[in-house]
Structures are given as C-alpha cells and as structure tokens.
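Chain and residue survey
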Amino acid sequence: MNWKQKFVWLIASLLVFYYFLVFGVFVFRYQEESQLFIPALWNISEQYLVPGGFIAFVGQFLIQCYHLPMFSVLVNTALLISVSAVINRLLQEYNNYCYNFPLSLIPVCWLMNVGIRNNYLIDGNVALLLMLLSVIPLLYMKDRIMITLYSLFSTVLLFVLGGNIAIYYSIFLSVYSITLHAKSNLRFYPLASLFPALIVLLFPVELGLYVPFTEAFKPEEYLEIQLLPDYYINYAWMIFCVILLVVVFISFVLSFLNSKTKKDIASVLCFGALFFTLSCNMPDNTDKQNRMLNELSFLSDEEQWDAIINKYKNRNINDYISLNYLNMALAKKGMLADNMFTFDQKGPKSLVAPWNRTLYMDNLLCGIHFMTGDLAMSESYALDAMTQSKRGGNTRALRRLVQINLLRGEYALAGKYIALLEQMPFYKEWADEYSGYLSEPERIADNPELKGKIVPPDSLDNLMSLMTTEKLWNVHTAENRIGWEYLGCYYLLDKNLSKFNSYIEESGVEHLPRHFQEALLIEGCDSVSNNLVSDKTRQRFESFRKVMAHFSKNNGDVSAIYNEFGDTYWFYYYFKIFKNKGK
C-alpha cells in the first residue's frame, strides 16, 4: 500500500469517526444502559452457548465499554473501516484498480446509517467482519477437496458463532466464487457451503435459533419493536449483503475493461455512486430526534443540568419531552418556580408528558417522579424500563430500583440488585457505595440524591397515571421542596388559580418564588397575605397592568409586551392559549 492509498484510507477513517462522534455517541450510551451484561460463568453458559451466542457475547462485552464515549466511537469506526478494507481486498481479485476503493465503501454507508439506530448493535458489525474474513483463506486454496471441506466447515463454524450470518456467508461465498473463477472449475466447489446453510434455513427452531432467517423480510417497523435485537440485526445483514452482491457484480463487470481511460471514467462514476449512496444514508428526521432524546437522557443521567438549561436558552421548544427535561433541570438547580416562564412553556404537559410506552419515556418519567418524591410511580416506570430493554435489563433502572428500595427499607431486595451491579465493571464503584447503606441505613440521609425523600402514606402503583395530580407530588419536606414546587407549577401551567390559591394558603410557607408571587397578584388570588409578595414584584405588576390597559385600548403589539414581560407568569396567563391543557 503506497502513501496515496494510506492517505485516502486515513481520510475515510476520519470521516467515519466524525460521523459517529456527531450522531452516534449518545446512541451508544443508550445501548450501554439498555443491557445487563454480567461477565460471570453462570450467565455466559446460560445465554451464550447457543447458535450466535459468541457474537452476542463479544457484542455485549464491547457495549459495556460504551460507558467510555470515545471508546464507543473508536471501536465502531475501526470495525467499519475493517469491513471496507476486507471488501476492497476481495474486489482486488477481479482487478487491482482504484475504482474498488469507492465500491468497498458503499456497503459501509448502510452500516453507518443503521449504526446510529438504537436497535442495531455492534454484534452485527462483528459478525459481518467475521463473515468477510472467512472468505480470505479461500483465495489461497487451489485444491478442490480443501476448498470443499473449508466451505462446509466455515459455514458450520459461522452458524455456531453467529447464527443466521452463516446463511448470508454461504450466499455471498457462492456468488463471489462463481464470478471470481468464472473460467475455472474451482467456481463450483464453494457451493458446498449451501448445504449446511439450507439446513439452517429449513430447521431454525430445531437448531436453537431464536430468530429465523425469514424474519428479515418482514417490515422494518415490525422488526424495530421486537423484544430481541436479533430481529433488526438480521434485517440489517440482509440489506448489507444485497448491497455487497451488487458491488461485487459491478467490480466483476468492470474487470473486463481493457482501456485505462475507460477504467478512469469507471472510477469517477464509482466515486459518484459512493457520494450518492452516502447522501441517501445520512440521518433522517427520526435519527436526529432520537439523537436529541439520547443526548438529553445522557445529560440528565450525568446530572449536567446547566448543559440542558443552556441548550434551550432563547430557543423555541416544540416538544413536551424537551420541556420535561428542561423543567427537571431547572428544578434540580432550584430555579423552577423562579425561571420556568423564561422559557416557552406549553401547558401542564410541560412538566410531565404522557407515557407513550417507550423506553425513552420510562427513563424520563422515572427520573421526574423520583425527583419529586413519588417513589411508587418512579418504581413502576423503572420496572417497565427493565422489561422494555432488549438484553436482560436496564442499568439506569436497576440503580433507581436500588435507591427506591433503600428508601422503603427493603434492604434484602436492594441487596440483590446491588449484587448484580457489583459484577458489572463500570458500576462496581457505584454498587460498593450503596452497599454501605445496607449495614448503615442511617447514612442514607447524607446522600444528596436520597435525603429528604420519604415513603408516601398512599403508595399506589399506577403505571397508567390514573391518579390525581395532587397525589403525585404531595410528598415534600423542608429538604425536598421540589415536589411542592412541581405541584404549584402544575396549577400555574393549567391556569387553575383557585386551586393554586388554596394550595399556597395550606402550605403555610413564608417565602414564595417569583412566579408564585406573580400568580398571587392576578385577580382571584387576592385572598392570600400580601406579605408573600415582594415590593419589586408588585411594582412590576403595576407596570404590566398599565401596558395591558394600553394594549386593550389601542390594540397594541403583543411582541412589545413579550419583550418586557415575556419571562413572567402574567404573559403566560393572558396570552398563551392551548386547545388541550393536558388535564
């Protein structure tokens, strides 16, 4: 390989690396959370000693390291470049010319596309690389018996290691050998690989396959919602192999060109095909939305609340999930009831969006309800997250269950969860810290995330949220004010000032946050003591009333009022109108 070839491969590697760095890093973290990989002998023998178990083991071993974001980007980049390099090596057997380079990258464009989706795991790329590498030894074999035996043995071995990948291997090997040895009898002997592949195709269940090969032909939407990732991986393999066979056929046809000019023109066309394929496989709107959700989930898990708040400053917010994360971040920083109307709130669902039966919402709602002190609801969503995760459980949900059971005094159950986390390298330190609370529960009060939370007297387990709002956030103490603020803010967002007035009277607090003071000055809340409203807020309200009077009289410009009072509850109350207030 000369320096020019090394340079273009370096450029390709950097582009793939940048792609995953921008679009993949948060997806990889989501995948890491969505599995419970316990590298113990009992777990390995139970789950991985089945067809495809080795690939699953390697995949989960690598995914556990996604806790290190840069590692996840590097390992995915390395796998895709390796896949492309092996394809390039196979194409060079037809003709060693530069058009093979763009052709070898075209199938990788598809892997880049699915590589940033939650349902496609690194197992798929490991299996594809193993499949392509298995073809290489045949290039050096000339003995017919050796070719036949190797074709049979490699297919069986790939079935044991990777399951359905053996079928794709046999199909590719057969087509490749027929085209490569078109004028030689050697082209027929690799067809022996079709016999074990046919057996796998006809008897998948009897051979221990969880997902039959034929499932790949079902609609993508159906495969995405299956409880095993193997369904979508099988589908991705099918598309990849179709693209790979097309690339092989093109390289085979181009090998008949005997003019350098024609080969150069073919190279230009192949580069054009590469750029076209790459443009077709760029992230779509769904991928971009999932990236946003994964980023918010990551930032909340890492407690980077300032990053979430800064992300939405001076921006229009069009979805409830973003508002939920934003308001949770404001609450964590003690700014919710003072600054929430600085942002574009859209009714009560801005605090808690409806549950849509997805893992995204399980993680979000579990965090919100735990933060406000509603342990029953938080536990419900954590348990659902465990079942929605496609590989044995969810590490974030498991950690939350540890915290909830410690608060409830269920130390035996908490200990079982901790014992699982202790066996996972990247969670062992966290598990060791929390295991100390089992023997010294009085130390729970010193934990900043647990202190102030109490078990409510009415701990209903109601996943469908069929209880009143008052019961969700009525658990608060002097140390946990967030639940109190959440319920008050809910009344403000719902514009239910009569309930808000009664709520403030019953709470008996001596100091109110800014938005609560602003609400008390609106007509209908004047029964509350005037001592709760500061002079500064009162003076600003008088200015607001004068501007409103001028607006009503002269049909003024709303934007002028927004520029001066857009960060107040008054502007929200009088000018924000929602068809569905989220009751």
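Residues numbered from 1 in each chain as written. Predicted model: local features only at pLDDT ≥ 70, side-chain atom pairs only at ≥ 80, totals over all residues. Heavy atoms only, no water.

1. As for the overall build of the protein chain
The condition is simple: Secondary structure elements are taken from DSSP: a helix is a run of H or I of four residues or more, a strand is a run of E of two residues or more, and numbering for both begins at the N terminus. Only heavy atoms matter for contacts: two residues are in contact if any of them lie within 4.5 Å across the pair. Accessible surface area values rest on a Shrake-Rupley calculation with a 1.4 Å probe, where residue burial reflects the displayed protein chains alone. Here the positive residues are Lys and Arg and the negative ones are Asp and Glu; neither His nor the chain ends is included. Charge positions come from single atoms, namely NZ of Lys, CZ of Arg, CG of Asp or CD of Glu.
Helix and strand counts for the protein chain stand at 29 helices and zero strands. Along the longest, intermediate and shortest principal axes, the C-alpha atoms of the protein chain span 100 × 65 × 40 Å. Put simply, 70% of the contacts in the protein chain that link residues at least 6 apart link residues at least 24 apart. As displayed, the protein chain offers around 26,800 Å² of accessible surface, 60% of which is attributable to carbon and sulfur atoms. Averaged over its 49 positive side-chain charges, the protein chain has a centre that lies 10 Å from the centre of its 53 negative ones.

2. Quick notes on the packing of helix H4 (residues 53-64) against helix H7 (residues 122-133)
We apply this condition: To obtain an axis, a line is fitted to C-alpha atoms, over the contacting stretch when the element is a helix, and the angle between two such axes runs from 0 to 180 degrees between their N-to-C directions. Each angle receives one of four descriptions, namely roughly parallel if under 35 degrees, roughly antiparallel if over 145, roughly perpendicular if within 65 to 115, and oblique otherwise. Should the near helix be turned counterclockwise from the far one by less than a right angle, the crossing is left-handed, whereas a clockwise turn marks it as right-handed. Amino acids are sorted into nonpolar (Ala, Val, Leu, Ile, Met, Phe, Trp, Tyr, Cys and Pro), charged (Asp, Glu, Lys and Arg) and polar (every other residue, Gly among them).
One can describe the packing of H4 onto H7 by two numbers: an axis separation of 8 Å at closest approach and a directional angle of 130°. By the angle class used here, H4 and H7 are oblique. For the crossing formed where H4 meets H7, the hand is right-handed. Packed against H4, whose contacting residues are Ile 55, Ala 56, Val 58, Gly 59, Gln 60, Leu 62 and Ile 63, the element H7 presents Ile 122, Asp 123, Val 126, Ala 127 and Leu 130 at the interface. Along the lines of polarity and charge, the residues of the contact of H4 with H7 split into nine nonpolar, two polar and one charged.

3. Things to note about the nonpolar core
Worth spelling out the cut-off: To define a nonpolar core, start from buried Ala, Val, Leu, Ile, Met, Phe, Trp, Tyr and Cys residues and group those joined through side-chain atoms within 4.5 Å. Exposure classes here rest on a 1.4 Å probe applied to the protein chains alone. A residue is buried below 20% of its type maximum, exposed above 50%, and partly exposed in between.
Ranked by internal contacts, the top residues of the largest apolar core, which has 184 residues, are Met 131, Leu 132 and Phe 240. By residue number, the principal contributor to this core is helix H12 (residues 230-254), which donates 14 residues. In contact with Phe 240, not counting residues within four places along its chain, are Val 83, Ile 87, Pro 107, Trp 110, Leu 111, Leu 128, Met 131 and Leu 132.

4. Description of helix H8 (residues 144-162)
So the rule is basically this: A helix is expected to span 1.5 Å multiplied by its residue count minus one. Throughout this description, a polar contact denotes any pair of N or O atoms lying within 3.5 Å of each other; where both atoms belong to protein, one of them has to be capable of donating a hydrogen while the other can accept it, and for residues adjacent in sequence the pair is counted only when both atoms sit in side chains.
Given a rise of 1.5 Å per residue, 19 residues ought to cover 27 Å, and the 26 Å separating the end C-alpha atoms of H8 matches this to within 8%. Along H8, the residues classified as buried are Ile 147, Tyr 150, Ser 151, Ser 154, Thr 155, Leu 158, Phe 159, Leu 161 and Gly 162. Looking at the buried positions of H8, the neighbouring elements they touch are H4, H7, helix H9 (165-180), helix H10 (194-202) and H12. Of the residues that open H8, the one with a side-chain oxygen 3.1 Å from the backbone nitrogen of Ile 145 is Asp 143. Just downstream of H8, Gly 163 is the residue with a positive phi angle, here 70°.

5. Some details on the pattern of salt bridges
Rule in force here: Each reported salt bridge corresponds to a side-chain nitrogen of Lys or Arg within 4 Å of a carboxyl oxygen of Asp or Glu.
Counted by the stated rule, this structure contains 25 salt bridges. Arg 29 is paired through a salt bridge with Glu 32; the nearest N and O atoms lie 3.6 Å apart. One end of the pair, Arg 29, and the other, Glu 32, are both in helix H2 (residues 25-33), three residues apart, so they sit about a helical turn from each other. Across the salt bridge formed by Asp 306 and Lys 333, the nearest N and O atoms sit 3.4 Å from each other.

6. Quick word on the packing of aromatic side chains
Our working rule: Here a pair means two rings of Phe, Tyr or Trp (six-membered ring of Trp) with centres within 6.5 Å. Their orientation is stacked below 30 degrees between planes, edge-to-face above 60, and tilted elsewhere.
This model, assessed by the stated rule, comprises 42 aromatic pairs. Geometrically, the ring pair formed by Tyr 19 and Phe 23 is tilted, given 5.4 Å between the ring centres and 50° between the ring planes. Taken together, the positions of Tyr 19 and Phe 23, both in helix H1 (residues 3-23) and four residues apart, correspond to about one turn of that helix. Judged by its relative accessible area of 5%, Tyr 19 falls in the buried class. Pairing Tyr 168 with Phe 213 gives two aromatic rings, centres 5.0 Å apart and planes at 55°, and the pair type is tilted. Separated by 45 residues along the polypeptide, Tyr 168 in helix H9 and Phe 213 in the loop between H10 and helix H11 (220-224) bring together distant segments of the chain. Across the pair, Phe 213 and Tyr 168 agree in class, each one buried.

7. A closer look at the packing of helix H20 (residues 395-408) against helix H21 (residues 411-422)
Interaxial distance between H20 and H21 falls to 8 Å at its minimum, and their mutual angle equals 155°. Between H20 and H21, the interaxial angle falls into the category roughly antiparallel. H21 is crossed by H20, and the crossing has left-handed handedness. Contact with H20, carried on its side by Leu 398, Arg 399, Leu 401, Val 402, Asn 405 and Leu 406, involves Tyr 411, Leu 413, Ala 414, Tyr 417, Ile 418, Leu 420 and Leu 421 of H21 and no other residues of that element. Here the contact of H20 with H21 is composed, by residue class, of 11 nonpolar, one polar and one charged.

8. With respect to unusual backbone geometry
Glycine aside, negative phi is the norm for most residues, and most peptide bonds take the trans geometry. One non-glycine residue, Arg 357, lies in positive phi territory at about 65°. Here Arg 357 lies in the loop between helix H17 (336-339) and helix H18 (359-372). Although it is not a glycine, Lys 495 sits at a positive phi angle of roughly 60°. Looking at the element boundaries, Lys 495 is found in the loop between helix H24 (482-493) and helix H25 (497-507). The exposure class of Lys 495 is partly exposed, given its relative accessible area of 22%.

9. Notes on the confidence of the model for the protein chain
The cut-off we apply is this: Per residue, pLDDT measures the predictor's confidence, with a range of 0 to 100.
Counting all residues, the mean pLDDT for the protein chain is 89, and 92% of those residues have values of 70 or more. Throughout residues 459-467 the model reports pLDDT below 50, and contacts reaching past four residues in sequence, or to other chains, amount to 19 contacts.

10. Side note on H1
Counted only if it meets this: Summarising the geometry, the arc corresponds to the directions from the helix axis toward the C-beta atoms.
Between its terminal C-alpha atoms H1 stretches 30 Å, which fits the 30 Å expected from 21 residues at 1.5 Å a residue. Of the residues making up H1, those classed as buried are Trp 9, Ala 12, Val 16, Tyr 19 and Phe 20. The buried side chains of H1 occupy one side of the element, clustering within an arc of 95° when seen end-on. Those residues of H1 that are exposed and aimed more than 90 degrees away from the buried face are Trp 3, Lys 4, Lys 6 and Tyr 18.

11. So, the environment of Leu 91
Here Leu 91 is to be found in helix H5 (residues 69-91). Separated by 52 residues in sequence, Leu 91 and Pro 39 place their C-alpha atoms 39 Å apart. Discounting chain neighbours no more than four positions away, the residues touching Leu 91 are Asn 100, Leu 103, Ser 104, Val 247, Val 248 and Ser 251.

12. Digging into the side chain of Asn 394
As for its position among the elements, Asn 394 is in the loop between helix H19 (375-388) and H20. Accessibility expressed as a relative area gives 0% for Asn 394, which makes it buried. A polar side-chain atom of Asn 394 sits 3.0 Å from the main-chain amide nitrogen of Arg 396. A distance of 3.0 Å separates a polar side-chain atom of Asn 394 from the backbone nitrogen of Ala 397. Contact partners of Asn 394, with chain neighbours within four places excluded, come to Glu 33, Ser 34, Leu 36, Leu 359, Asn 363, Ala 385, Met 386 and Ser 389.

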